[in-house]
Amino acid sequence: MTLERQAVRPPAQSRGAGPAGQPAAQQARRRSRRDEILEIAVGLFATRGYHGVSMDDIGAAAGVTGPALYHHFAGKEAMLAAALIPVSEQLLAGGQARIAESGDDPAAALAALVDFHVEFALANPAVIALHLHELDRLPEEPRRQIRRLQRLYVEEWVGTLTSLRDGELSDGEARVLAHAAFGLMNSTPFLGGEVDRARRAELLRAATLSALQG
């Protein structure tokens, strides 16, 4: 499996002073180091599997000792949740924004959704690999939260498809097509580098739109 380097964005945080009056710049440095560790952990989970990676492995790769690593994350489950929950939130918010920007034009909304998701999939293959293979490693509550966000994101696609193909598709049929489209777009963890990124994006967009437009 070939995984491009990808960015993992943490949940939005306040930019004011932190606990005990710590300056915002110091908090930003702390968040930045946390993000670096999280990115390393995601890459290791994606390439070696969740159970194939220990906290010591992550610490060694990040150049962080055990106590310092646990200062940022309680354990591997916390790292996995920190990677997957914000991504699910960002997908839902991004999809909703693209639909809103398209006004009452479902064809434009669908094209915008496809562009948005393809770009995400190409930029974040390791995160997609975690979603596909490691989501069940999470405790029940964060797993339920992610599943709910995913369902809401799917329903944005369902609404767009049923509007575009009015009278042709039921909600259930549109849901089948949406999941099939995600299968196409989320294939990025398995794509090699023999085709350049721009061409991969073009192929994925064209294949997805063809499958959805009928």
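Everything numeric here is computed off the predicted structure, so don't read it as measured data. (Residues numbered from 1 in each chain as written. Predicted model: local features only at pLDDT ≥ 70, side-chain atom pairs only at ≥ 80, totals over all residues. Heavy atoms only, no water.)

## Regarding the overall build of the protein chain
- If you tally the helices and strands in the protein chain, you get 9 helices and 0 strands.
- For the protein chain, the succession of helices and strands along the chain, N to C, is α-α-α-α-α-α-α-α-α.
- A burial count over the protein chain gives 43% of its 214 residues as buried.
- Of the roughly 10,800 Å² of accessible surface on the protein chain, 52% is carried by carbon and sulfur atoms. (Helix = DSSP H or I, 4+ residues; strand = E, 2+ residues; numbered from the N terminus. Buried < 20%, exposed > 50% of the residue type's maximum accessible area, 1.4 Å probe, protein only. Areas by Shrake-Rupley, 256 points an atom, 1.4 Å probe, with all protein chains shown as cover.)

## Examining the confidence of the model for the protein chain
- Chain-level statistics for the protein chain give a pLDDT mean of 85 and a share of 86% at 70 or above.
- Considering only residues more than four positions removed or in separate chains, one finds that residues 1–30, a stretch of pLDDT under 50, has 52 contacts. (pLDDT = per-residue confidence, 0-100. Contact = heavy atoms within 4.5 Å.)

## Observations regarding the packing of aromatic side chains
- Considering all chains together, one arrives at 4 aromatic pairs under this definition.
- Aromatic pair Phe45 and Tyr50: ring centres 5.3 Å apart, planes at 50°, arrangement tilted. With respect to burial, Phe45 and Tyr50 carry one shared label: buried.
- Summarising the aromatic geometry, the rings of Tyr153 and Phe182 are spaced 5.6 Å apart at their centres and angled 15° between planes, so their arrangement reads as stacked. Pair noted here: Tyr153 is in helix α7 (residues 140–164) and Phe182 is in helix α8 (residues 171–185), with a separation of 29 residues, a long-range link.
- Here Tyr153 falls in the buried class, since its relative accessible area comes to 5%.
- The exposure class assigned to Phe182 is buried, which follows from its relative accessible area of 9%.
- In textbook terms, an aromatic cluster arises when at least three aromatic residues are bridged by ring pairs, as seen for Tyr153, Trp157 and Phe182.
- Positioned over the ring face of Tyr50 is Lys76, at 4.3 Å from the centre of the ring. (Phe/Tyr/Trp six-rings, centres within 6.5 Å; stacked < 30°, edge-to-face > 60°. Lys NZ or Arg CZ within 6 Å of the ring centre and 35° of its normal.)

## Topic: the environment of Leu113
- With respect to the helices and strands, Leu113 occurs in helix α5 (residues 106–123).
- Since its relative accessible area comes to 0%, Leu113 is described here as buried.
- C-alpha of Leu113 to C-alpha of Arg98: the two residues are 15 residues apart in sequence and 6.3 Å apart in space.
- Every residue in contact with Leu113, bar those within four places of it in the chain, is listed here: Gly95, Ile99, Glu156, Trp157 and Thr160.

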